[in-house]
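Spelled out, the chains give:
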Amino acid sequence: MAASRYSFPYPVQELFAKRVAYFSMEFAIDQALKIYSGGLGFLAGSHLRSAYALGQHLVGVGMLWKLGYYDQGRNEDQTLRVDWQQKLYAYLEDTGITFTVRIHDADVWVKAYYLPPHVFQSAPLYLLTTDVAENDYVSRTISHRLYDGNAATKLAQYMVLGIGGGKLLDLLGYDAEIYHLNEAHALPVAFHLLQKFNKDREALRQHLVFTTHTPEEAGNEKHPIDLCLEMGYFSGLAKPEVQEATGIDDGLFNLSLAALRLAKRANGVSELHGHVASEMWGKYDGICDIDHITNAQNYSYWADTELYEAADRADDARLAERKATLKRQTFLDVADQTGRLFRPDVLTIVWARRFAGYKRADLLLRDRERFERLVTNTEYPVQIIWAGKPYPADQGAVDLFNSLVHLSHQYPNVAVLTGYELALSKLLKQGADIWLNNPRIPREASGTSGMTAAMNGALNLSTNDGWIPEFIKPGVNGFLVPEADYQHIGINEQDNHDAYYLYELLEEHVLPMYYERQHEWLALVKQSMADVRTAFGSDRMAREYYEKLYV
């Protein structure tokens with residue numbers, strides 16, 4: 001189809017004229033649009049904001065989740081309650097486009113909505129839903145819950161996003177030169193394209209690129225190939241054709257491996273992750289080259305401009321005053337949720353992100369004697385905030401969250417907040433002095449929360465994983481837990497090592513500097529803000545995708 005059939009809604013810069021369709025299961029563009037769960041969405045949202053700002057010819061394709069991820073409520077004892085509530089978005093435009101996707105030998109109707117660029121200053125975004133009257137109840141639920149726990153429903157979601165997204169672009173007349181898979185969820189679009197290109201695998205390869213976010217092979221999604229065939233995942237290709245195209249001939253279909261064999265280029269999401277991914281997948285034949293493009297976040301959306309104005313003028317008094325004001329605003333929410341009155345003159349440590357085991361929300365509790373000393377220290381007082389959304393079916397993560405809630409009841413200076421979405425995320429970064437980031441090396445592909453924390457005057461205290469090796473200068477722009485020989489020690493020993501040095505840093509460096517050498521503290525803050533501003537702003541990232549992946 002001719003590209004001229006699609007009228008792009010804003011002027012495109014010549015450097016970025018190549019037509020790109022960007023597929024993602026989630027987009028965190030604004031607090032008002034609850035179609036995301038965590039870091040993957042935060043990344044995609046920042047990417048679309050920067051694509052708009054730079055004038056890139058990029059269109060987003062996602063899903064309109066009727067119930068979102070979930071709403072994080074509280075039970076009577078303040079523990080986590082998972083709530084599901086229908087979301088309504090009056091600002092989305094009905095495109096009037098409906099079509100069907102064949103799932104389990106039945107036609108499922110799909111409807112497309114549109115988020116125009118002017119609403120949130122983001123690239124055009126099309127969102128697909130099956131929650132229409134033409135479908136039966138089961139088909140309508142395909143687009144109800146992001147990351148549905150049922151395997152068949154999850155595959156159906158991937159098919160609607162991939163096959164449905166491909167069909168929508170055909171109907172719109174958007175002749176994409178590049179189909180970009182942000183993770184492998186939308187992989188079914190590759191098989192839709194393979195049929196469209198008369199099974200010409202080289203033609204498909206020239207159009208497909210893939211971003212992988214998972215640093216461990218076991219974490220990459222696999223499904224029984226016969227179930228995929230039965231559901232129509234491969235757009236009518238026979239099993240031998242799928243096996244020949246992907247080189248996967250066992251009973252489990254590996255989504256990421258298939259994407260790496262079908263795409264012309266792929267990337268990891270940090271320099272470290274690019275190396276890890278290349279090594280991890282290098283044992284397989286026929287995969288494409290894996291480069292790296294480090295994740296980033298949108299400076300215009302996340303950064304506090306008054307902090308940067310003070311830093312640019314080297315006005316330390318104004319910088320400290322503005323940070324105190326931001327902390328007061330954050331602490332209003334702490335008081336509202338927990339009944340705790342935090343003080344802006346007290347060092348505030350925040351751990352807030354997705355509750356996954358390897359991120360170690362409870363590492364600070366590993367030595368309870370030292371934790372007790374930390375939270376009861378009157379000479380160098382601290383305040384600690386935890387927040388984040390566990391996956392509702394991950395009982396271990398839910399139990400951990402609830403254990404932190406119970407722990408917080410013992411201390412007036414410890415709080416656990418609910419509702420960790422874009423707005424609370426920004427608020428906590430504004431309220432943090434120390435942004436605690438302690439994933440178990442090498443489990444973090446990138447991580448981005450520390451980037452936006454730095455954009456709001458918080459210092460990173462981190463293990464050396466993900467994006468951190470590209471950013472951190474210990475004692476200059478943040479604090480780094482020294483590494484052990486992780487490849488030759490067990491998890492328990494690793495956690496003990498990291499917890500010990502985390503406390504050493506807090507007790508010997510962080511707290512004395514904050515309370516006794518404020519000028520030195522503010523110098524680190526200013527350096528951190530400067531170092532993150534451009535190098536980890538998503539304008540840089542969006543440019544690199546055109547320069548390195550879309551070429």
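Residues numbered from 1 in each chain as written. Predicted model: local features only at pLDDT ≥ 70, side-chain atom pairs only at ≥ 80, totals over all residues. Heavy atoms only, no water.

Student: Would you explain the pattern of salt bridges in this entry?
Tutor: Side chains that differ in charge, positive against negative, can pair when their charged atoms come close. In the structure shown here, the tally under the stated rule is 37 salt bridges. The salt bridge partner of R140 is D131, with a shortest N-O separation of 3.0 Å. Take R140: its relative accessible area is 27%, and that puts it in the partly exposed class. Salt-bridge contacts for R373 lead to E507; the nearest nitrogen and oxygen are separated by 3.8 Å. Highlighted residues: R373 in helix α14 (residues 368-375) and E507 in helix α19 (residues 491-516), separated in sequence by 134 residues. Take R373: its relative accessible area is 43%, and that puts it in the partly exposed class. With a relative accessible area of 22%, E507 lands in the partly exposed category. (Salt bridge = Lys/Arg side-chain N within 4 Å of Asp/Glu carboxyl O. Buried < 20%, exposed > 50% of the residue type's maximum accessible area, 1.4 Å probe, protein only. Helix = DSSP H or I, 4+ residues; strand = E, 2+ residues; numbered from the N terminus.)

Student: Would you explain the sheet that holds strand β6 (residues 106-115) in this entry?
Tutor: Sheets are built from strands paired through backbone hydrogen bonds, the pairs being either parallel or antiparallel. Pairing is mixed across the open sheet formed by nine strands, whose spatial order is β5-β6-β7-β2-β1-β8-β9-β12-β13. Unpaired on one side and paired on the other, β5 (93-103) and β13 (289-292) mark the two borders of the sheet. Each strand axis lies, on average, 25 degrees off the axis of its neighbour in the sheet, ignoring direction. Relative to strand β8 (residues 178-182), strand β1 (residues 20-23) is paired through four bridges, and the arrangement is parallel. Bridging across to β8, A21 finds its partner in Y179. Where helix α9 (residues 255-262) meets the sheet, its contacts fall on β9 (208-211), β12 (265-268) and β13, and the angle it forms with β9 comes to roughly 140 degrees. (Pairing = 2+ DSSP bridges. Axes fitted to C-alpha atoms, helices over the stretch in contact; angles between N-to-C directions. Contact = heavy atoms within 4.5 Å.)

Student: What is the right way to read the packing of aromatic side chains from this model?
Tutor: For any pair of aromatic rings, geometry is given as the distance between the ring centres together with the angle between the planes. The tally for this structure, following the rule as stated, stands at 38 aromatic pairs. For the pair Y233 and F253, a centre-to-centre distance of 5.9 Å together with 70 degrees between the ring planes defines the contact as edge-to-face. Separated by 20 residues along the polypeptide, Y233 in the loop between α7 (225-231) and α8 (239-246) and F253 in strand β11 (residues 252-254) bring together distant segments of the chain. The same class applies to Y233 and to F253, which are both buried. With a centroid separation of 5.4 Å and 70 degrees between ring planes, the pair formed by F355 and F401 is classed as edge-to-face. One end of the pair, F355, is in the loop between β14 (347-352) and α14; the other, F401, is in helix α15 (residues 395-408), and 46 residues separate them in sequence. Among the residues examined, F355 registers a relative accessible area of 3% and is labelled buried. Classification of F401 by relative accessible area gives buried; the value is 0%. Ring-pair connections join several aromatic residues into one group, and the members of that group are Y6, F8, Y10, Y52, Y114, Y126 and Y174. Of note, K389 hangs over the ring of Y70, and the distance from its end group to the ring centre comes to 5.0 Å. (Phe/Tyr/Trp six-rings, centres within 6.5 Å; stacked < 30°, edge-to-face > 60°. Lys NZ or Arg CZ within 6 Å of the ring centre and 35° of its normal.)

Student: Honestly, the packing of helix α4 (residues 151-172) against helix α5 (residues 188-196) in this entry has me stumped. Any pointers?
Tutor: If you want to describe how two helices pack, look at the angle between their axes and the distance between the axes. Interhelical geometry of α4 versus α5 gives an angle of 40 degrees and a closest axis separation of 7 Å. Classified by the angle between their axes, α4 and α5 sit oblique to one another. α4 and α5 meet at a crossing whose hand is right-handed. Of the residues in α5, those touching α4 at Y158, M159, G162, I163, G166, K167 and D170 are P188, V189, H192 and K196. Per-class residue counts for the contact of α4 with α5 are five nonpolar, three polar and three charged. (Parallel < 35°, antiparallel > 145°, perpendicular 65-115°, else oblique. Left-handed = near helix turned anticlockwise from the far one by under 90°. Nonpolar A, V, L, I, M, F, W, Y, C, P; charged D, E, K, R; others polar.)

Student: Quick question: what am I supposed to make of the nonpolar core here?
Tutor: Taken as a class, soluble globular proteins show a tendency for nonpolar side chains to be buried jointly. In this structure, L187, Y233, F253, F371, W386 and W521 are the most contacted members of the largest nonpolar core, which totals 175 residues. Here the element with the most residues in this core is α4; it accounts for ten residues. With residues near it in sequence (within four places) discarded, W521 still touches L347, D433, I434, L459, F479, V510, M513 and Y514. (Core = buried A, V, L, I, M, F, W, Y, C linked by side-chain atoms within 4.5 Å.)

Student: What is the right way to read the pairing of strand β16 (residues 414-417) from this model?
Tutor: Two faces, one strand: in a regular strand the side chains alternate between the faces of the sheet. With burial as the criterion, each face of β16 is covered, one bearing V414 and V416 and the other bearing A415 and L417. Pairing of strand β15 (residues 382-387) with β16, which is carried by four bridges, proceeds in the parallel orientation. Across the sheet, residue I384 finds its bridge partner in β16, namely V414. Handedness of the β15-α15-β16 crossover: right-handed. (Right-handed = clockwise from strand over helix to strand, strands pointing away.)

Student: Any chance you could explain the sheet that holds strand β18 (residues 459-462) here in plain terms?
Tutor: With parallel pairing, the six strands of this open sheet are ordered in space as β16-β15-β14-β17-β18-β19. Of all strands in the sheet, those bounded by a partner on one side alone are β16 and β19 (478-480). Across the sheet, the mean angle separating the axes of adjacent strands is 20 degrees when strand polarity is ignored. Here three bridges tie β18 to β19, and the two strands are oriented parallel to one another.

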